[in-house]
Each structure stands twice: as C-alpha cells, then as structure tokens.
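Notes for the structure review
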Amino acid sequence: NSPTLGFYFSTLAQPGAALDFDGAGDYVDLPNLIPSGSYTKEVWVNARSFATGTNIVSGRLSAFWAPGGNLSSGHNSVYNTVVDPTPMLLNTWYHVAVTYDSITNTMILYKNGVQVDTGNPVGNPVGNPVGTYNGELNQYIGAFNNGGGPAFNWDGQIDEVRIWNVVRTQAQLVASSGCELTGDEPGLLAYFNFNQG
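A few points on the structure.

1. Comments concerning the sheet that holds strand β7 (residues 72-74)
One open sheet holds the three strands; their spatial order is β6-β7-β8, and the pairing between them is antiparallel. Here the strands that pair on one side only, and so sit at the sheet edges, are β6 (63-65) and β8 (82-83). Bridging between β7 and β8 involves two bridges; their strand directions are antiparallel. Note on β8: the bridge partner recorded for Ser73 is Val82.

2. Structural notes on the nonpolar core
Grouped together as the largest cluster of nonpolar side chains are 29 residues, with contacts concentrated most on Val43, Val45, Ile56, Val96, Trp154 and Ile158. When contributions to this core are tallied by element, the ones reaching two or more residues are β2 (16-22), β4 (39-47), β9 (93-101), β10 (106-111) and β15 (155-164). Ignoring any residue separated from it by four or fewer positions in sequence, one finds Val96 in contact with Lys41, Glu42, Val43, Val45, Ile56, Phe64, Leu71, Met88, Tyr110 and Lys111.

3. Thoughts on the sheet that holds strand β12 (residues 139-141)
Across the sheet, which stays open at both edges, the three strands sit in the order β3-β12-β5 with antiparallel pairing between neighbours. The sheet is open, and its two borders are formed by β3 (28-30) and β5 (57-58), each paired with just one other strand. Where β5 and β12 come together, two bridges link them in antiparallel fashion. Bridge pairing in β12 links Ser58 to Tyr140.

4. Here's the deal with the packing of aromatic side chains
Describing an aromatic ring pair means giving the distance of the ring centres and the angle of the ring planes. If you walk through the whole model with that rule in mind, you get five aromatic pairs. Here the aromatic rings of Tyr27 and Tyr140 are separated by 4.9 Å at their centres, their planes lie at 65°, and the arrangement is edge-to-face. Of this pair, Tyr27 sits in the loop between β2 and β3 while Tyr140 sits in strand β12, and the two are 113 residues apart along the sequence. On the basis of relative accessibility, which here comes to 34%, the residue Tyr27 falls in the partly exposed class.

5. Comments concerning the pairing of β4
For β4, a buried count of nine out of nine residues is recorded, marking the element as mostly surrounded by other parts of the structure. Pairing between β4 and β9: eight bridges, direction antiparallel. Paired with Tyr39 across the bridge in β9 is Tyr100. One ladder, built from seven bridges, connects β4 with β15; its direction is antiparallel. Looking at β15, one finds that Val45 is bridged to Ile158.

6. Description of the side chain of Ser73
Position of Ser73 among the secondary structure elements: in strand β7. Since its relative accessible area comes to 1%, Ser73 is described here as buried. Polar side-chain contacts of Ser73 include one of 2.9 Å to the backbone oxygen of Ala63. With residues near it in sequence (within four places) discarded, Ser73 still touches Ala63, Phe64, Tyr79, Asn80, Thr81, Val82, Val98, Met107 and Leu109.

7. Considerations on the environment of Gln170
Tracing the backbone shows Gln170 in helix α1 (residues 170-176). Exposure remark for Gln170: the relative accessible area of 35% places this residue in the partly exposed category. Sequence spacing of Gln170 and Ala97 is 73 residues, and the spatial spacing of their C-alpha atoms is 9.5 Å. Excluding its chain neighbours within four sequence positions, the residues that come into contact with Gln170 are Tyr110, Gly113, Val114 and Gln115.

8. What to know about the pattern of salt bridges
Between side chains of opposite charge, pairing is possible as soon as their charged atoms come close. Scanning all chains against the criterion turns up six salt bridges. A salt bridge links Asp20 to Arg48; the nearest nitrogen and oxygen atoms lie 3.1 Å apart. With Asp20 in strand β2 and Arg48 in the loop between β4 and β5, the pair connects residues that are 28 residues apart, well separated along the chain. Overall, Asp20 belongs to the buried group, its relative accessible area being 19%. Among the ionic contacts, a cluster of salt bridges with common partners joins Glu42, Glu160, Arg162 and Arg168.

About the cut-offs
- Residues numbered from 1 in each chain as written.
- Predicted model: local features only at pLDDT ≥ 70, side-chain atom pairs only at ≥ 80, totals over all residues.
- Heavy atoms only, no water.
- Pairing = 2+ DSSP bridges.
- Helix = DSSP H or I, 4+ residues; strand = E, 2+ residues; numbered from the N terminus.
- Core = buried A, V, L, I, M, F, W, Y, C linked by side-chain atoms within 4.5 Å.
- Buried < 20%, exposed > 50% of the residue type's maximum accessible area, 1.4 Å probe, protein only.
- Contact = heavy atoms within 4.5 Å.
- Phe/Tyr/Trp six-rings, centres within 6.5 Å; stacked < 30°, edge-to-face > 60°.
- Polar contact = N/O pair within 3.5 Å; in protein donor to acceptor, adjacent residues only side chain to side chain.
- Salt bridge = Lys/Arg side-chain N within 4 Å of Asp/Glu carboxyl O.

Nothing here speaks to function; it is geometry throughout.
Spelled out as structure tokens, the structure:
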C-alpha cells in the first residue's frame, strides 16, 4: 500500500506520511517491546472502518485497539481494562495513548490528550512465555497476535507509533503529540514515524 498524507490537527498544518492498512492482512511485525513494568503506547490513528478487530498495537497477551470504534486497552489477556465510552469517528485523525504505572497499578487511556478512562488496581504485565505458537512473543502494529499469527487487523491509517518503558504524563503526551521525536528520548523503546512509507 502507498503512504498517504494526513493532517493531524488544522492548527499543526504539518503533512506527513502514514502507513495505510487494508484491514485484511496488513501489519507490521515487532518484537515483544512491552516490559514487565510500566509502559506507554501512543499512536496517531485514522480508521476507515471498524468492521474488523481494529487492533492498533497489540501482542499475544496485550491489546491496544478500538472494537466498534471504542478505544480500549489491557494486558494479561484482559483486553478491555480501560474503555473510552465515546466511539471514534471514521476518517478522522486521533492521537491515542495508554499508560500503565507498575508502582500504582494504574492504567490510563487518552484520546487527543484527554483522559477518557482509568483502571485500578491492574496487575503488572507478565511476559509472554514461548509456547506452541509461532511468533508468540511478537507485537504487531495494525493487528493482534492471536498465537497463530496476525488477526483482527486495522482498517485505516497509523502513524507516529511510540512505545515507552516509562509512564508518560498527560502534559508530556500533549506537548509531543504534534511533533516528531529525536529518537533518543529517555525511556523510548521503539519509534516508527513512517516517513519513508
């Protein structure tokens, strides 16, 4: 699929490339980047349809997704620990994020810099033991790792994927959501800005 241009907020007026996922098999295969403690996942998304499983960045035991358009996340095979009660609109860019604090056992879900749900207490994420499934340790951008490979794929665009091993504050998420990172920020585990398509 060809990269397409997306404008996040009209006040930013900064076009950039994004990956376009067709909902029928497109995904990016990553190693398991979620640590056993605190983490943050943040992404820009633009959905064309919510008919499929709508996974944004998910693994075997964790999910960051939008079933039916409702942004949701969780880990340890509980995929709806936090849920935004207001569905996202189709063909609209959103900056979405989930944080997990292993000290306070708190998970927080954000949409466009606004906290939309909180879960507490939430147990620490456990590692994905190697089992009988191929790629069981992998995370996917645009799909869920169901143990047998990618499934429940995203239909739309994804951009600026950032995975951290620290809890990003609401102020930090808002401050950096509209700009690119340098790539060497403290706690940044993975960064995909998809500028090359």
